[in-house]
Amino acid sequence: MRLVTFEAQVRTAVGCLDSEDRVRDASGVAGLGDDMNALIAGADSLLPVLRQRLDSGELPVVEGATLLSPILRPVRDIFCAGKNYFEHAHEFHNSGFDNKSGGAVPEFPIIFTKATTSVIGPDQPIPASADPTESVDYEGELTVVIGKGGRNISKQDALQHVFGYVIANDVTSRELQKRHSQWVLGKGMDGFCPLGPSLMTADEIGPIDALTLRTEVNGELRQEAKLADLIFDVPTLITAISERIMLLPGDMIATGTPPGVGIGFTPPKYLFPGDTVTVTIDRLGSLQNPVA
Ligand code: MG
């Protein structure tokens, strides 16, 4: 299923997309309202009900719906993997913006977080003008949404803890990322984490390795890579984080970005007001945002 959070007639609610991409209102199922996290936490009992009502056409079609971030209020800051594609690790290392010592390819996963307040939905503007250094960059990323939480999750069991997948754009101020050493301020700014357009349940995505991610800026292809090129794959990231921190239902893990980010060009190709960024992943759709 492709789950969404939408706004229509001054209310927000959880829904799903039907086979014709129409928004169906699912907020009445078990009183979900607009709380995607409640659906994720209660997935074992709620998803079969939702599936049955979607398939039988019982869920009302919503006209004029605006899609918001599928998860409106993340349970906590979003976990993110840094330098997690071989070619991007070299691209970033060679850019002069890498303030980490050591080689280009990390020995262990690099994990940082983006603040919950960085989340915006599809078509909502990325506030590049809020970065005084004018060095805003894009990073298209597959993002994992955790279903069943846990500590010390083994690689073998990891995929059983995945609720679904969503596209993220790990928008980054390169100068602030470098200036503050830790990546939190350069990457966690308000509005710097577009998510969407829908949250696809894990049972529908198929083999992740076969999927291709593409990022376009104003229609120009900048990033194109198979998700098979990840240095640390989804099970490895889940295992690495849950060895130290209890994963919760609704937690998100952005898996890193492939080569082709703006900082990889000479001169860099940063984002400016008036631009449009589109991140597409096979099966998951396209996440498009204007830059303001
Ligand atoms: Mg990233």
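Residues numbered from 1 in each chain as written. Predicted model: local features only at pLDDT ≥ 70, side-chain atom pairs only at ≥ 80, totals over all residues. Heavy atoms only, no water.

## Things to note about the nonpolar core
Soluble globular proteins tend to bury their nonpolar side chains together. Residues Leu3, Leu39 and Leu50 are the most contacted members of the largest nonpolar core, which totals 37 residues. Looking at this core, the elements with two or more residues in it are strand 2 (11-17), helix 1 (36-41), helix 2 (43-55), strand 5 (78-82), strand 6 (110-114), strand 10 (162-169), strand 12 (193-201) and strand 15 (252-254). With five residues, the top contributor of residues to this core is helix 2. In this structure Leu50 touches Met1, Leu3, Ala26, Val29, Leu39 and Leu59, once residues within four positions along its chain are discounted. Counting residues in hydrophobic clusters, the runner-up holds 32 residues, among them Ala81, Val144, Ile205 and Leu227. (Core = buried A, V, L, I, M, F, W, Y, C linked by side-chain atoms within 4.5 Å. Buried < 20%, exposed > 50% of the residue type's maximum accessible area, 1.4 Å probe, protein only. Helix = DSSP H or I, 4+ residues; strand = E, 2+ residues; numbered from the N terminus. Contact = heavy atoms within 4.5 Å.)

## Looking at the coordination of the magnesium ion
Ideal values for angles at a metal depend on the geometry: 109.5 degrees with four tetrahedral donors, 90 or 180 degrees with six octahedral donors. In this structure, Glu139 (OE), Glu141 (OE) and Asp170 (OD) serve as the protein donors to the magnesium ion, at separations of 1.9 to 2.1 Å. Sequence spacing of the donor residues for the magnesium ion, all on one chain, is E-x1-E-x28-D. You can see Glu139 sitting in the loop between strand 8 (136-137) and strand 9 (140-146) and its partner Asp170 sitting in the loop between strand 10 and strand 11 (172-173), a full 31 residues away along the chain. A relative accessible area of 2% places Asp170 in the buried class. (Donors = N, O, S within 2.8 Å, 3.2 Å for Na, K, Ca; no water.)

## As for a negative patch on the surface
The grouping of Glu87, Asp209, Asp229 and Asp233 at the surface amounts to a negative patch. Tracing the chain through its elements places Asp233 in the loop between strand 14 (220-226) and helix 7 (234-242). (Patch = residues over 30% accessible without salt bridge, like charges linked within 9 Å, V, L, I, M, F, W, Y side chains within 5 Å. Areas by Shrake-Rupley, 256 points an atom, 1.4 Å probe, with all protein chains shown as cover. Salt bridge = Lys/Arg side-chain N within 4 Å of Asp/Glu carboxyl O. Lys, Arg positive; Asp, Glu negative; His and termini not counted. Charge placed at Lys NZ, Arg CZ, Asp CG, Glu CD.)

## Some details on a nonpolar patch on the surface
The grouping of Val75, Met246 and Leu248 at the surface amounts to a nonpolar patch, some 220 Å² of accessible area in total. Structurally, Leu248 is set in the loop between helix 7 and strand 15. Here Leu248 falls in the partly exposed class, since its relative accessible area comes to 32%.

## Details of helix 2
Every α-helix carries 3.6 residues per turn, so stepping three or four residues along brings you back to the same face. Under the 1.5 Å per step criterion, the end-to-end length of helix 2 is 17 Å for 13 residues, consistent within 8% with the ideal 18 Å. All of the buried residues in helix 2 are Ala43, Leu46, Leu47, Leu50 and Leu54. Angular distribution of buried residues about the axis of helix 2 spans 100°; they occupy a single face of the element. Across from the buried face of helix 2, at angles greater than 90 degrees, the exposed residues are Asp44, Ser45 and Asp55. Each element contacted by the buried residues of helix 2 is listed here: strand 1 (2-8), strand 2, strand 3 (23-25), helix 1, strand 10 and strand 12. (Expected span 1.5 Å × (residues − 1). Arc of directions from axis to C-beta.)

## Topic: the packing of aromatic side chains
Any aromatic ring pair is given by two values, namely how distant the centres are and how the planes are angled relative to each other. In the structure shown here, the tally under the stated rule is two aromatic pairs. Ring centres of Phe112 and Trp183 lie 5.3 Å apart, and the angle between their planes is 65°; this geometry places the pair in the edge-to-face category. Linking Phe112 in strand 6 with Trp183 in the loop between helix 5 (174-179) and helix 6 (184-187), this pair joins segments that are 71 residues apart in sequence. Per residue, the accessibility class of Phe112 equals that of Trp183, and both read buried. Each residue in the set Phe92, Phe112 and Trp183 is aromatic and connected to the rest through ring pairs, giving one cluster. The ring of Phe265 has Arg222 sitting right over it, with the charged end atom 5.7 Å from the ring centre. Taking NZ or CZ as reference, Lys269 lies 4.5 Å from the ring centre of Phe265, over its face. (Phe/Tyr/Trp six-rings, centres within 6.5 Å; stacked < 30°, edge-to-face > 60°. Lys NZ or Arg CZ within 6 Å of the ring centre and 35° of its normal.)

Interpretation in functional terms is not warranted from these geometric data alone.
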